Every structure is written in structure tokens, then in C-alpha cells.
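Architecture at a glance
What follows is each chain in one-letter form.
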Amino acid sequence: MELLVNSPVMDNLVWEDRFRRYLAGGCISLIGWLLLSVPLYDMWDDTSSLSWSFTSTLVENIMFVALAAVLVGGGIWLVRTDWDTDLVTAVTRRTLLATGVVTVLIGWAVLVQLLVMGALKPIVLALNGVLVGAVVAFGLSVSTVRSELFQQKATQNAAINEQLQLLYRAASDLENASTRPQAYQLIDGAIEDVTDGAAFRIVVDGAEVVDATGQQDDATTMRGDETQPVAIFEIGTRGRIEFVGRPLESHEARTIELFSTYLEKTLRRIEREETIQDERDILEFVNRTLRHDTLGDLSLLQARLGMLDREVDFEDDSHEEHLTVALDRVEEMEAFVRTMRTYMQSVLDDEHTLEAVALAPLVEKHVRTTRQAYPDVEVEYSDIPSVAVKGDELLDRVFVNLLSNAIDHNDASPPRIHIDGHRQGDMVVVRVADNGPGITAERRESIFERGERGTDSDGSGFGLYLVKDVVENYGGEVRIRDNEPRGTVFELGLPIDDAGD
């Protein structure tokens, strides 16, 4: 931007501004001089033609001389004031307009009297002048009041905007508060800003967490009893904000109501986060126990039972059968503990990342293992897409639990399981179908709940819950459908890992 300093253009602008100012002030002073001639002429006429004393005519016209002098001096003042030139010219325009209106109206009355009646009625003219003055005064009053109302509205809007900014800042600060003392400190400062240091206290769960009743000034104390609340704002069912001393303005009260709502929500959020952190601490403890103690004890128990199985010859076959059952049970317990350890680790690890898992080889492995473990079960699979899905080592447990569930609850002879799949956009859908008794529509949601077991199941009730939770953590979903002519179909929707496809 080019600055016009000591240039002809700048000089012209300064001269034009000065000319407008002098012209505006000169017009006001000129009106004053012209109107001053009226009382001066009247004083001369009274003393020369009517032989009045100078004192009498001066008393009659002194007020009009003073008013005219005000206009003369007002024009000079407008020229010398530090107001902007646009404001000076605005005053002049309004003055000229009002003067013109009054002149036209009085002139109309004079002209009508001279033309119609051939004479003047001074009393009528005087009263008309009063009427015109009253109307002008009314117009100026309305204009002034409207200006004051506009200023009041502008002030109120500014106050509202300031309160909205305080509300936004307080809500943002409370959203980031991580402890209850921090939340109390933030709401304390916000209330002081809104109420300009009014006396208040905050009570939560029966305890006084903020006491700002000793900060009011002497004027505040004089306006009310500093011990008795003049306004109470409930913080839900948790507590209240009590104000003592002066009553609150309406806008202050509305703001404090919102603050109390923010505080209640913040306290609920902090308590939820504390509960979650406590649960995470417990999970971490259980995970360490499983990892270091339980799993070690099971491995030791499995090794000792294995030594008995290899080195001891039982005379009674039932004893050897007991040992085999114990070994199998220990192996199942060890597998379950390892699954729980992996599951809890994935829950506790905020940076747990998924990897690409080849789907077809994984399904083939579990089909092969199931056929070996359950030779009486017919297991078929087909159409498994050659893709990689997002997962981790828990994906193994998903298929183990689904196949075990299809076998354990199957009352058909022979039991049959069929596994197939197909691509569906950026997902692959794997279907595990059995010919068992099926699952009623009423139980299809509840079977995924923790601890939910079938009537004939002796399991932990964790298997299907793990299936649903793990698949959903992968970004997939689990659905249940009826099989034809009987049985159940579990459909797993697994996200495809394009990087590993």
C-alpha cells in the first residue's frame, strides 16, 4: 500500500476536509447571526417606535439573544472540535433540516394569514411556533431514545457474545479435565469471570469443594446476608452451587445453570474414566498372574502328569483313563489361559496393531485339526477366498470356538459342519454351518454375552463372547442365520487386508 505523504493528493484531501468543516460550522454560525437579528431588531423597534425602556425590551429578548448566541458559538465550536468531519457535517445537516422545517411551517402560517386575512395574528403564530417546537422536540426525543436502545442492544449483544465465549472456553477446559480437583478449579475460575467475583460455594456429594464466599467486597456484603444462599443451582443429583450476598442478574443465572450442567457431565466422565482405569489395573494384575503364575503351574502340572503317563504302568485300566482325562483337561486349561492372556493383552495394549493373516490356510488347518480330533464329525469346506484378513493370534481361537460350539451342541447323527466363504466388497464373509438343533431368535443376542452357556454346556461361557468381541475389534461383524433344513449358520464378516492380499 502506497502512503500519500506530502503529496498533492494528500494536500487536496486535507484542504477538502478542512473546507467541509469550516462550511458546516459557518452555516450554523450564520443561522445564529440571522436569527440574532430578530431580537436585536425588536429591541431597536421597542426603544425607537414604542418608547420602551431599554431594560424592558432587553428582558423581553434576552433569552432569544442567548439562543442565537449559542448557535453562533456552536458553529465555532464545531469547527474547532476533535470530532470527525463526517460527524460535524451530520450535525449541520440535521440542524439545517430542522430549521428549514420550522421556517416552512411558520412561513406557511404567516403567508396564509396575509393572503387570506390581510393581517397577522401574533398569538396564533406564537402558538404555532410552540406546536412546531413540540413536534421537533418529540422527534428529537424519539431519535435519542432509539439511539439509546440501539446502544443498549449493542451492549447486551456484546455481553452475550462474551458469555458465549466464556461458556465455550469453560466447556472446552472441562472436557480436558482429568481429575475432580482440576474440574473444580476450572469451574471456580469460570464462575468468577461471569459473576465478577460474586460470593459462592460448590458442594458435591455432601462435601464443600469450592469456597469463594470470602471474596466479595463491602458493597456486596451490604446487599445481603453473606451466610444465606440467595440462589442455588443443582448439579444434577450430585450437589449444588450456592450464591450468597448479592442476587444474580438474569444473564448470570442462565450462565451458571449451564456451568452446573457442564460440571455434572464432567464429573460423570471423570468417574467413568477412573472406573475404566481401575478395571485396566485389575486386568493388568490378572494378566500378570496368568502369565507368570497360573500358566507356569499348569505347565508344571502337565509335565508331571506326562511323566506319570510315560513311566507308570497301571494295573487297573480305569486309573490310566483318569490320567488321560486329567492330561486332556490340563491341556484345555492351558490353551484357555493362553487365550485369556492374549485377549487381555490386546485389550490393555493401546498400541495393539493388527497384521495380515492368510485366510484359506488358516481355515484348512482348523478343518484338518477338527477332523483328527473328532473322526465321527463330517467336516467339509469349499470356496474360501485366497485373501489376507486383518487379525492377530486370537483369530485362531475364533475358529476353534466356532467349530467346538458347532460340535458340542450338535445332536444330529452324524454331526456335520460345512465351511465356505465369499468376498463382499472390502470384506470376506466366512460361513460356519452345522446341522444341530439351531438357535431360537430370542437367544441369538444373549448367546454372545459373557458367561452365557447352553443348557447342556460345561464350558466357561466365554467362547462366543470372545468370537463376537474379537471380530468386532477387527472391524468386522458376526451374524446368525438358520440353516436348511436344520441347524445354525454363523457368518463372520472380516475386513480384507489389501496390503497382504
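Here's a quick rundown of the structure. Just so it is clear, the structure is predicted and the values come from calculations on it, not from any experiment. (Residues numbered from 1 in each chain as written. Predicted model: local features only at pLDDT ≥ 70, side-chain atom pairs only at ≥ 80, totals over all residues. Heavy atoms only, no water.)

Remarks on the pairing of strand 11 (residues 488-495)
Defined as follows: We call a residue buried when its accessible area falls under 20% of the maximum for its residue type, exposed when it is over 50%, and partly exposed in between, using a 1.4 Å probe and counting protein chains only. The numbering of helices and of strands both runs from the N terminus, where a helix is a DSSP run of H or I of at least 4 residues and a strand a run of E of at least 2. We call two strands paired when DSSP finds no fewer than two bridges between them.
Extensive coverage of strand 11 is indicated by the burial of 8 of its 8 residues. Where burial is concerned, the two faces of strand 11 agree: the one with Thr 488, Phe 490, Leu 492 and Leu 494 and the one with Val 489, Glu 491, Gly 493 and Pro 495 are both buried. Looking at chain direction, strand 9 (residues 427-434) and strand 11 are connected through 7 bridges and run antiparallel. Considered in strand 11, the bridge of Val 430 is made with Leu 492. Across 6 bridges, the pairing between strand 10 (residues 477-482) and strand 11 is antiparallel. The residue bridging Arg 479 from the neighbouring strand is Glu 491, located in strand 11. In sequence, strand 10 turns back onto strand 11 through a hairpin of 5 residues, with Gly 487 there showing a positive phi of about 110°.

Notes on the sheet that holds strand 8 (residues 416-424)
The condition is simple: For helices, the fitted line uses only the C-alpha atoms of the stretch in contact; every axis is such a line through C-alpha atoms, and the angle between N-to-C directions lies from 0 to 180 degrees. Whether two residues touch is decided by their heavy atoms; if any such pair falls within 4.5 Å, the residues are in contact.
Strand order in the open sheet formed by 5 strands is 6-8-9-11-10, and the pairing between neighbours is mixed. Every interior strand has two partners, whereas the edge strands, strand 6 (378-382) and strand 10, have only one. On average, adjacent strands in this sheet sit at an angle of 20° to one another, irrespective of strand direction. Packed on one face of the sheet, helix 10 (residues 394-408) meets strand 8, strand 9 and strand 11 and runs near 170° to strand 11. Running over the sheet, helix 11 (residues 463-473) touches strand 10 and strand 11 and is turned about 30° from strand 11.

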